[in-house]
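These are the residues of each chain, in order.
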Amino acid sequence: MTVEDKKFGNVMIIGLGMIGGSFAKALKDRGLATLYGVDRREGELALGVSTGVIDFPAEITAEYVSKMDVIVLATPVRAMESVISDLQPFLSKRTLVTDVGSTKGSVVDAVRRVFGFVPGNFILGHPIAGAEKSGVLASNPLLFEKHMAIVTPLPDSNPVLLDKLHHLWRAVGSDVVSMDVEHHDHVLASSSHLPHLLAYTLVDALANGERSQDIFKFAAGGFRDFTRIASSDPVMWRDVFMANKEATLATLDHFTDRLSDMRTAIEEGDGASMFGVFTRAKSARDHFLRLLEQRTGGVVKEVRPVSISVLPASVIKGELSLLGDKSLSHKVITIAALSEGTSEVRNIDLAGDVRITMQAFRDMGVVIEEVAEGHLRVHGVGLRGLKAPIAPVNVHESRESLYLLLPVLAGQSFPVSVIAEGVLLKQSMGELFSVVRQMGGEVTSEVTDCLPVHLSPGESENLTLRLNTGSEQLRMAALLASLYSPTQAKVTPFLSGLSHCEVLLRQFGMQMSLDESVFHVSPAPLLATDVVLSGDEYEMVWLVLLANILPGSDLIMDNAGLDSVSYALLCLLQSIGANVSIPHLDESGLYKGDVKAGFAELNGFTLSAQQSYQFREELPLLCVAAAYARGESRIQGLNGLPYYHEDRILALVDALGHLNIDVTYEHGDLLIQGGVPCGGELDCAGDDKLALAMIALAARSQSAVKINDCQKLLQEFNELEGVTLQLGFHCSVAQ
Ligand SMILES: NC(=O)C1=CN([C@@H]2O[C@H](COP(=O)(O)OP(=O)(O)OC[C@H]3O[C@@H](n4cnc5c(N)ncnc54)[C@H](O)[C@@H]3O)[C@@H](O)[C@H]2O)C=CC1
Ligand SMILES: O=C(O)C(=O)Cc1ccc(O)cc1
């Protein structure tokens, strides 16, 4: 290979130890650069050449430095200033100078002391990968693969060289993230520096005592796990603590306070406090591990595509209870956390995003025990009893968690930042921020109406909220906001009728009256209670539809709890001939009990624009009902729906056409001519609701239908396979 083939040209590593050597070998093995090594220990350089880590030993002289494309500082951090001084006379602006040091502020200061400013070609970095070993012989070319590398550019950094730095880390397998220098030093002080300090101190404290022999002899897994990093290089770590003094002192003080609280708890035999800390810590760690499982050491793991194949001509028969509604599961955790006392919550579904809401409350001091599958014990702290979290609240990609948490956070006495990931960062949160502002809270975000956001609490008299959309999430946010009003609050929802939000809040003692479609909420605490969540409504309607499509079906679901919308939907299905029984209204405001369903021939129907809006969540299922109905159905006003609902229906229109159902979409109206679908292959674009509708569409098709991209469906409805198997419906999952 010629030098020209090597993408990164000449790369000099200064400090050819474990990290410098690993980086050099990772580039060299991939043929990406010609590697030069510099080290004050000549032995390391000789070993570097003989073990194939570098191509050439080098020195900091004009001859070598001037021909470098990249120079990487990989010495302990406090040695970097003298290296930078040595480099200064020979450096050209086109050479990228970077580093791998564990602290960043101290290295920026060193550059500034040498040059008087930070030249644009100095762009620092830090691989979040390593080991307790040191020296060039510990080099591992795979060390950085699937790990994060942090880069900390400054405003004057040369953009071309910054791009090159990203490419360098990506080339050795890292996932690159950009961070502000100060933020880096604070985060790493807690995540890396403090644990090393604790490990060193623990071993030192125990090793010198009179029982030290036995302590090491009988060291169980815990001691080993906890102290592995105390074998790390002492020079490197002395340098880290001298270089990152302020941030490490801050995190050490915080930790010392917590340790002293723990000492008090032990002294006073305060089991509840200990239990609180241990459950919170365990769940926090388990939660992070679960999130990390989706990544492998920093890089998002590819989610294996899942498809579901449906064989026609099955029936569904049997009796079952469905797990609780996902959205209700988020809500009940929130309400129970804000109640006074301990609530037992049963039939809760912790799949999908629900754990994000749960974790946020745990991070703010709420003890939530997982008693058994589907059973939580929530030790509520009262409306204003949350504790300030030590880090920003992260709702990841869960919109449901965000809409519940924001008004609750605005009602606390501490300021807090809320961060998110993925699509949530791109969506406007104007309507939600407006609720918080009306509560008197101050909302600041870098991009108007977008996350991340910083909230400072406030208080407003006479809270009056009038909602302009029918979103159930916004409705719940408004009702939660009303709980924090010092005087009676008024909430006017967009759609009338009782929804699960009010029913659930009333169960926990919310003082609410309804007067001409306006909810009047009086200031009062929420009180813990025991609840059993009713079965997921979308899944229930889906099973009702399946039973009606499949001749010979006979189905009973025994834990329905329908709100006014689901009730209206089942009434609509009944009116077009569906074989379905509807439970009665009980004192809670829900239609509770058994839902029975069997086969029937459905008739074509017309849905007004208003009904399309009312049933917007369930529209995919109604389109499938139309596909199997006699005659023509007309679903109106789709162009008046929020865009994501319209997009979902357009995807289903494609699927209907693909399976030979006669369908037209004009001026926002959908015309579907009932018939018998043929077989084929469909794609639900990762949408779980669409996937269920497609399975129903495939139920009585002429031949098999394969539906691709069903991973989300299995995450959200992880009993799908169990439920269909139990009911005798043939659908098989394949990766
Ligand atoms: N060890 C780890 O897991 C990680 C370390 N880092 C950072 O990487 C850097 C290097 O750490 P390791 O490779 O673990 O240490 P190491 O001890 O294996 O290597 C450091 C090398 O620098 C050389 N050196 C020291 N002073 C020098 C000078 N003035 N001129 C030339 N060479 C000099 C030493 O002889 C040694 O070969 C440190 O800044 C550390 O903070 C970053 C991520 C992980
Ligand atoms: O060995 C381990 O577990 C580490 O923590 C490695 C490590 C040490 C220092 C860093 O700046 C980054 C990573």
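Cut-offs applied
- Residues numbered from 1 in each chain as written.
- Chains lettered and ligands numbered in written order.
- Predicted model: local features only at pLDDT ≥ 70, side-chain atom pairs only at ≥ 80, totals over all residues.
- UniProt positions renumbered as here; feature names shortened; annotations may be inferred.
- Buried ≥ 20, exposed ≤ 12 C-beta atoms within 10 Å, placed from the backbone.
- Helix = DSSP H or I, 4+ residues; strand = E, 2+ residues; numbered from the N terminus.
- Pairing = 2+ DSSP bridges.
- Right-handed = clockwise from strand over helix to strand, strands pointing away.
- Core = buried A, V, L, I, M, F, W, Y, C linked by C-beta atoms within 7 Å.
- Contact = placed C-beta atoms within 7 Å.
- Near = placed C-beta within 6 Å.
- Nonpolar A, V, L, I, M, F, W, Y, C, P; charged D, E, K, R; others polar.
- Axes fitted to C-alpha atoms, helices over the stretch in contact; angles between N-to-C directions.
- Parallel < 35°, antiparallel > 145°, perpendicular 65-115°, else oblique.
- Left-handed = near helix turned anticlockwise from the far one by under 90°.
- Expected span 1.5 Å × (residues − 1).
- Arc of directions from axis to C-beta.
- Domains from an automatic or database assignment.

- The chain appears in an unreviewed UniProt entry as prephenate dehydrogenase from Marinomonas algarum.
- A UniProt comment under Pathway (unreviewed entry) is attached to the chain, and it reads "Amino-acid biosynthesis; L-tyrosine biosynthesis; (4-hydroxyphenyl)pyruvate from prephenate (NAD(+) route): step 1/1."
- Turning to the chain, the UniProt record has this under Sequence similarities (unreviewed entry): "Belongs to the prephenate/arogenate dehydrogenase family."

**Some points on the pairing of strand β34 (residues 705-708)**
Thought 1: Side chains of β34 alternate between two faces, with V705 and I707 buried and K706 and N708 left unburied.
Thought 2: For strand β11 (residues 307-310) and β34, the ladder comprises three bridges, and the chain directions are antiparallel. Bridged to S309 within β34 is K706.
Thought 3: After leaving strand β33 (residues 680-683), the chain enters helix α24 (residues 688-698) and then returns to the sheet as β34, a path that is right-handed.

**Quick notes on the environment of S327**
Thought 1: With respect to the secondary-structure elements, S327 resides in helix α13 (residues 326-337).
Thought 2: Residue class for S327 comes out buried when judged on the 22 C-beta atoms lying within 10 Å of it.
Thought 3: Distance in space between the C-alpha atoms of S327 and H500 is 9.6 Å, their sequence separation being 173 residues.

**Thoughts on the nonpolar core**
Thought 1: Residues L546, C623, M694 and A696 are the most contacted members of the largest nonpolar core, which totals 77 residues.
Thought 2: A per-element tally of this core places helix α19 (residues 537-549) first, with ten residues.
Thought 3: Those residues within four positions of A696 in sequence are excluded, and the remaining contacts are W542, L545, L546, I549, L621 and V624.
Thought 4: Among the nonpolar cores identified, the runner-up in size contains 69 residues, and A360, L386, L463 and Y484 belong to it.

**Notes on the site of ligand 2**
Thought 1: Taken together, S102, I128, G130, A131, E132, S192 and I229 make up the full set of residues near ligand 2.
Thought 2: Of the residues that constitute the shell around ligand 2, the class distribution is three nonpolar, three polar and one charged.

**Some words on the packing of helix α14 (residues 354-363) against helix α15 (residues 399-410)**
Thought 1: Contact pair α14 / α15: the axes reach a minimum separation of 8 Å and the direction vectors enclose 30°. Of the possible angle classes, the one that applies to α14 and α15 is roughly parallel. Read as a crossing pair, α14 and α15 show a hand that is right-handed. Listed contacts from α15 to I356, T357 and A360 of α14 are S401, L404 and L405.

**Regarding helix α20 (residues 564-575)**
Thought 1: If you check α20, its first and last C-alpha atoms are 16 Å apart, about what twelve residues at 1.5 Å a residue would give, namely 16 Å.
Thought 2: If you check which residues of α20 are buried, you get V565, S566, L569, L570 and L573. Around the axis of α20, the buried residues are gathered within 135° of arc, so they sit on the same side. Summarising the geometry of α20, the exposed residues directed more than 90 degrees from the buried face are C571 and S575.
Thought 3: If you follow the buried residues of α20, they end up packed against α19, β25 (554-562), β26 (579-580), α21 (609-614) and α22 (619-628).
Thought 4: Taken from the residues just after α20, G577 is the one with a positive phi, measuring 105°.

**Here's the deal with helix α2 (residues 42-50)**
Thought 1: Among the residues making up α2, those that are buried are E44, L45, L47 and G48. Projected down its long axis, α2 shows its buried positions confined to an angular sector of 165°, all on one face. Every exposed residue of α2 that faces more than 90 degrees away from the buried side is listed here: E42, G43 and S50.
Thought 2: Residues of α2 that are buried in the fold lie against α1 (18-29), β2 (34-38) and β3 (56-57).
Thought 3: Count one or two residues on from α2 and you reach G52, which has phi positive near 75°.

**Topic: the sheet that holds strand β14 (residues 367-372)**
Remark on secondary structure: sheet strands pair via backbone hydrogen bonds, oriented parallel or antiparallel.
Thought 1: Strand order in this open sheet of four strands is β14-β15-β13-β24, and the pairing throughout is mixed. Two strands bound the open sheet, and with one partner strand each, they are β14 and β24 (531-532).
Thought 2: Pairing analysis gives five bridges linking β14 to strand β15 (residues 375-381), with the strands arranged antiparallel. Within the sheet, the bridge partner assigned to V367 lies in β15 and is H379.
Thought 3: Strands in contact with α13 are β13 (340-346), β15 and β24; relative to β15, the strand with the most contacts, it is inclined by about 40°.

**Observations concerning unusual backbone geometry**
Thought 1: Residue P452 is reached from L451 by a cis peptide bond, and omega for that bond is -5°.
Thought 2: Mapped onto the fold, P452 is located in the loop between β18 (442-445) and β19 (453-456).
Thought 3: Although it is not a glycine, N660 sits at a positive phi angle of roughly 70°.

**Side note on the site of ligand 1**
Thought 1: Lining the immediate surroundings of ligand 1 are 30 residues, of which G15, G17, S102, G130 and S134 lie closest.
Thought 2: Secondary structure elements with two or more residues in the shell around ligand 1: α1, α4 (80-87) and α10 (234-243).
Thought 3: Looking at the shell around ligand 1 residue by residue, the class counts come to 15 nonpolar, ten polar and five charged.
Thought 4: Two domains each put at least three residues into the shell around ligand 1: domain 1 (3-179) and domain 2 (187-269).

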